[in-house]
Amino acid sequence: MSFKRLIQILTSRVVVTGVLILIQLGWFLVFLTTLAQHAVWISALFALLSMAIVLSIVSKDVNPAYKIVWIILIEAVPLLGGLLYLLFGNKRPTRRMQGRFLRERRRFAPLLAQQPQQAAGLSGRARGTARYVQKNGPFPVWRDTSVTYYPLGEEMFADMMRAIEAAEHFIFLEYFIITENSYMWQTMLEALARKAAAGLDVRLIYDDLGSVALLPPGYAKKMEALGIRCLAFNPFVPVMSLVMNNRDHRKILVVDGHTAFNGGINLSDEYINRTHPHGHWKDTGLRLAGEGAWNLTAMFLQTWHAFRPGREDMAEFLPHRWHVAPFAGSGWVQPFGDSPLDDEPVSENVYIDLLSQAQSYAYIFTPYLALSNELQSALCLAARRGVDVRVVTPGIPDKPIVYRLTRSYYPALLKAGVRVFEYTPGFLHAKSMLVDGEVGVVGTINMDFRSLYLHFECGTLLYGCDALADLKRDCMATFGASREVGLQNCRLSVGGRLLSALLRVFAPLM
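Residues numbered from 1 in each chain as written. Predicted model: local features only at pLDDT ≥ 70, side-chain atom pairs only at ≥ 80, totals over all residues. Heavy atoms only, no water.

Engineer: Kindly report on the sheet that holds strand 9 (residues 332-338), identifying the contributing residues and their values.
Structural biologist: What the 8 strands build is an open sheet, ordered 9-16-15-14-10-11-12-17; its pairing is mixed. The two strands at the open ends of the sheet, each matched to only one other strand, are strand 9 and strand 17 (482-485). Each strand axis lies, on average, 20 degrees off the axis of its neighbour in the sheet, ignoring direction. Pairing of strand 10 (residues 361-365) with strand 11 (residues 388-394) involves 5 bridges; the strand directions are parallel. Each bridged residue has a counterpart across the sheet, and for Ala362 the counterpart in strand 11 is Val389. The sheet contacts of helix 16 (residues 467-480) involve strand 10, strand 11, strand 12 (419-423), strand 14 (432-435), strand 15 (439-443), strand 16 (457-463) and strand 17, and relative to strand 10 the element is tilted by about 70 degrees. (Pairing = 2+ DSSP bridges. Helix = DSSP H or I, 4+ residues; strand = E, 2+ residues; numbered from the N terminus. Axes fitted to C-alpha atoms, helices over the stretch in contact; angles between N-to-C directions. Contact = heavy atoms within 4.5 Å.)

Engineer: Before we move on, can you summarise the packing of aromatic side chains with the specific residues and values?
Structural biologist: A full pass over the atoms with the stated rule returns 18 aromatic pairs. When the centroid spacing of 5.7 Å and the interplanar angle of 75 degrees are considered together, the rings of Phe101 and Phe307 count as edge-to-face. Taken as a pair, Phe101 in helix 5 (residues 95-108) and Phe307 in helix 10 (residues 293-307) lie far apart in primary sequence, 206 residues in all. Here Phe101 falls in the buried class, since its relative accessible area comes to 8%. Between Phe300 and Trp304 the ring centres are 6.0 Å apart and the planes differ by 20 degrees, which places this aromatic pair in the stacked class. Pair noted here: Phe300 and Trp304 are both in helix 10, with a separation of 4 residues, about one helical turn. Each of the two residues, Phe300 as well as Trp304, counts as buried. (Phe/Tyr/Trp six-rings, centres within 6.5 Å; stacked < 30°, edge-to-face > 60°. Buried < 20%, exposed > 50% of the residue type's maximum accessible area, 1.4 Å probe, protein only.)

Engineer: Report on the sheet that holds strand 6 (residues 259-263), specifying residues and quantitative values.
Structural biologist: In a beta sheet, neighbouring strands are held together by backbone hydrogen bonds and run either parallel or antiparallel to one another. Ordered by their spatial adjacency, 7 strands build an open sheet running 1-8-6-5-2-3-4, and the pairing between neighbours is mixed. The sheet terminates laterally at strand 1 (145-150) and strand 4 (229-233), the two strands that pair on one side only. Taken pair by pair, the neighbouring strands of this sheet meet at an average axis angle of 10 degrees, ignoring direction. Inspection of the sheet shows strand 5 (residues 252-255) paired to strand 6 by 4 bridges, in the antiparallel sense.

Engineer: Run through the side chain of Thr460, naming residues and quoting values.
Structural biologist: For Thr460, the position within the fold is in strand 16. Within the local environment of Thr460, its side chain forms a polar contact with the side chain of Asn262, the two groups lying 3.0 Å apart. (Polar contact = N/O pair within 3.5 Å; in protein donor to acceptor, adjacent residues only side chain to side chain.)

Engineer: Quick rundown of the pattern of salt bridges? Include the residues and the values.
Structural biologist: According to the stated counting rule, one finds 21 salt bridges in the structure shown. Here Arg308 makes a salt bridge to Glu224, at a shortest N to O gap of 2.9 Å. In this pair, Arg308 is assigned in the loop between helix 10 and strand 9 and Glu224 in helix 9 (residues 219-225), connecting sequence segments 84 residues apart. Of the charged contacts in the structure, one is a salt bridge between Asp388 and Arg390, with a shortest N-O distance of 2.9 Å. Taking the relative accessible area as the measure of exposure, Asp388 reaches 21% and is therefore partly exposed. On the basis of relative accessible area, Arg390 is assigned to the buried category, the value being 12%. (Salt bridge = Lys/Arg side-chain N within 4 Å of Asp/Glu carboxyl O.)

Engineer: Quick one: what's the story with the environment of Phe449, residue by residue and with numbers?
Structural biologist: Its location among the elements puts Phe449 in helix 15 (residues 449-454). C-alpha separation for the pair Phe449 and Tyr368, spaced 81 residues apart in sequence, amounts to 9.7 Å.

Engineer: If you had to explain unusual backbone geometry to someone new, which residues and values would you point to?
Structural biologist: Negative phi characterises most residues that are not glycine, and trans characterises most peptide bonds. Pro138 follows Gly137 through a cis peptide bond whose omega is -10 degrees. Its place among the elements puts Pro138 in the loop between helix 6 (124-135) and strand 1. Of note in this structure, Asp144 is not a glycine but carries a positive phi near 50 degrees. Mapped onto the secondary structure, Asp144 falls in the loop between helix 6 and strand 1. Given the relative accessible area of 35%, Asp144 is considered partly exposed. Although it is not a glycine, Asn234 sits at a positive phi angle of roughly 50 degrees. Along the polypeptide, Asn234 turns up in the loop between strand 4 and strand 5.

Engineer: Talk me through helix 10; I want residue IDs and the actual numbers.
Structural biologist: For an α-helix the count is 3.6 residues per turn, leaving residues at separations of three or four pointing the same way. With 15 residues, helix 10 ought to run about 21 Å at 1.5 Å a step, and its terminal C-alpha atoms sit 22 Å apart, in line with that. Of all 15 residues that make up helix 10, 14 are buried, and the element is covered over most of its length. (Expected span 1.5 Å × (residues − 1).)

This is the structure:
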């Protein structure tokens, strides 16, 4: 089945589900309106309910953008807006999911305890960043880890396959998108099945909604039949549900505990440029070999045991369990995770913190821009301080509406002195930041509300690693392959400005 056909199937399912939901909501609104017309006290009750909900929203410690969009909805449709908020306004997952992950976080905290000497040598400012990330994980900072930076998915895939072929004990994979009939996945699956048959512990987590039109129903059972233990994360149910918003957007491959891959690359052919639905696909990723791989192993196991509890000796998965020789590497690494289970936007705070540290430059790759006021202010303030802030977004979009939303943020950034580039050859899916050549982050985290507040994400902080020079070279090459956007390119008609304003209002819900 072609990629285009798969997208058509997914779109049709979403449209049908959306139409059914709208019919239900429409009927409910007519019912409430008719009822209110015949009973003044019912209308007053709804008005009081909406007012109480607005006051509750204002008092919540959440991003102001979420408050604004819900207050507008409640004011626009007071009879229905309050009830919609009660149904869908809570960003938090169900208590059951929260409890599962909290249990595993407590279980893994002692295993992730950092040795004091690991952070020795970090500058005061970087040490503060590392301390913040560890406190909200806990995800320690590590030395003795070699880092390989990949500017393209096809380069990373080649090394992923080499690592899988060299595996002797276990292989863990956690991905948002897997396309069943793609060359990339079929090549990997053949090796995984062969390794499982040889007695290795092979496990796979995939996001059920991310792959809903790309994998057949019951795909986890097919994997189990091949000897690959499999978990479909948060199975998609086509009804209105709060928890459906919270997806596993992570991309992790761990081999034998000492080698791990992280970045923006999913398991589908466009990521390695065998297909070109949106021109040349630009992505980034990392390979960690050494102590730092443990954070990604622990992250995978936390998710696994949250849904498939079991007793395992975690010492079997530590980096040195199957690699007796000492590791080597320059600088420090700190893979970290972020989730919607708490009120701490770790990923956004890491981005803001790195921007506040910048003295010379800050280079950013992101496929989407849907900025909170805090993140936009951090970008603009850095530029106003004289930092060379550059943001690269796609030249060929994968989602036209989201592309329109992304471009709506350009004028404010440009006026503050931020330089904006669009990747001319195609779609830029990379999620990376480099600051002054001294600290950087590569991972799965887009600069949008969904990544920063709703999804399970992961990234790797790099402090003083040699790989940062490779990231800088890639940044300079990408600027050269992109067109720079000026204010003259952002002029819109009155209708266009209204559409952009509307998209900005609803950006937290997109």
